[in-house]
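# Inside the fold
Here is what each chain is made of, one letter per residue.
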Amino acid sequence: MGTLQLEVVTPDKIVVSAEAEMVVCPGVAGEFGVLPQHVSLLSALKIGGMRYRVNGKDATIFISGGFADVNNNVMTVLAESAEQASDIDAVRAQAARERAEKRLAARDEVVEAPRAEAALQRAIMRLNIAGLR
Ligand code: ATP
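So, a few notes on the structure that sits alongside this text.

Criteria and thresholds
- Residues numbered from 1 in each chain as written.
- Predicted model: local features only at pLDDT ≥ 70, side-chain atom pairs only at ≥ 80, totals over all residues.
- Heavy atoms only, no water.
- Near = heavy atom within 4 Å.
- Polar contact = N/O pair within 3.5 Å; in protein donor to acceptor, adjacent residues only side chain to side chain.
- Areas by Shrake-Rupley, 256 points an atom, 1.4 Å probe, with all protein chains shown as cover.
- Helix = DSSP H or I, 4+ residues; strand = E, 2+ residues; numbered from the N terminus.
- Nonpolar A, V, L, I, M, F, W, Y, C, P; charged D, E, K, R; others polar.
- Domains from an automatic or database assignment.
- Patch = residues over 30% accessible without salt bridge, like charges linked within 9 Å, V, L, I, M, F, W, Y side chains within 5 Å.
- Salt bridge = Lys/Arg side-chain N within 4 Å of Asp/Glu carboxyl O.
- Core = buried A, V, L, I, M, F, W, Y, C linked by side-chain atoms within 4.5 Å.
- Buried < 20%, exposed > 50% of the residue type's maximum accessible area, 1.4 Å probe, protein only.
- Contact = heavy atoms within 4.5 Å.

## So, the site of the ligand
- Every residue near the ligand is listed here: K13, S81, E83, D87, I88, D89, R92, A93, A96, R99, R122 and R126.
- Here an oxygen atom of the ligand and a side-chain polar atom of R92 are 2.8 Å apart.
- Within the side chain of R126, a nitrogen or oxygen atom sits 2.8 Å from an oxygen atom of the ligand.
- Considering the ligand on its own, with 590 Å² of exposed area, one finds that the protein chains cover 70% of that surface.
- Only α1 (90-105) and α2 (113-132) provide two or more residues apiece to the shell around the ligand.
- If you tally residues by element for the shell around the ligand, the top one is α1, at four residues.
- Classifying every residue of the shell around the ligand gives three nonpolar, one polar and eight charged.
- Inspection of the shell around the ligand shows a minimum of three residues originating in each of domain 1 (4-85) and domain 2 (88-129).

In structure tokens:
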């Protein structure tokens, strides 16, 4: 079946660089899977978990949204932030969740609501993924 080269990068680090047997991504229009020898593809990603398999073992990482590019059996994921499940600080995510919930509850900050919603989604997703490890 073979593998595809998977590279997940953020502005400050390389989160994954591996030969993967399969990748499942949180696309803006829904999850999609990528197998070796996939056709070329460019997709926007939303906040979510990205699953990938290396040597028969599955791992899930957190992705803050970004872009996935597949070309010539190389998949490059560019994300604003991404972390391996084992690198997620659950206490920090819980604090971020509480801050976002407070901001959303303060109804006078209407302009800030989408930012608070996104921060809340990131925190909840990080807690979900940290819980899987
Ligand atoms: P916070 O309010 O806690 O900073 P955030 O969602 O605003 O959370 P991001 O802007 O997504 O944070 O990320 C900023 C940097 O901090 C990135 O490098 C990201 O990987 C890291 N980061 C954020 N939250 C966590 C966490 N809970 N555990 C580990 N790394 C985190």
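Let us keep going from here.
## Brief notes about a nonpolar patch on the surface
- On the surface, L42, F67 and L78 cluster together into a nonpolar patch covering about 340 Å² of accessible area.
- Looking at where L78 falls in the secondary structure, it is placed in strand β9 (residues 74-79).

## A short note on the nonpolar core
- Within the largest apolar cluster, 22 residues are counted, with the highest numbers of intra-cluster contacts made by L6, V8, V23, M50, I63, M75 and V77.
- Broken down by secondary-structure element, the contributors of at least two residues to this core are β1 (4-9), β2 (14-20), β3 (22-27), β4 (30-34), β6 (48-54), β7 (57-63), β8 (66-71) and β9.
- Considering every element that reaches this core, the biggest residue donor is β2, with four residues.
- In this structure M50 touches L6, V8, V23, V24, C25, P26, A59, T60, I61, I63 and V77, once residues within four positions along its chain are discounted.

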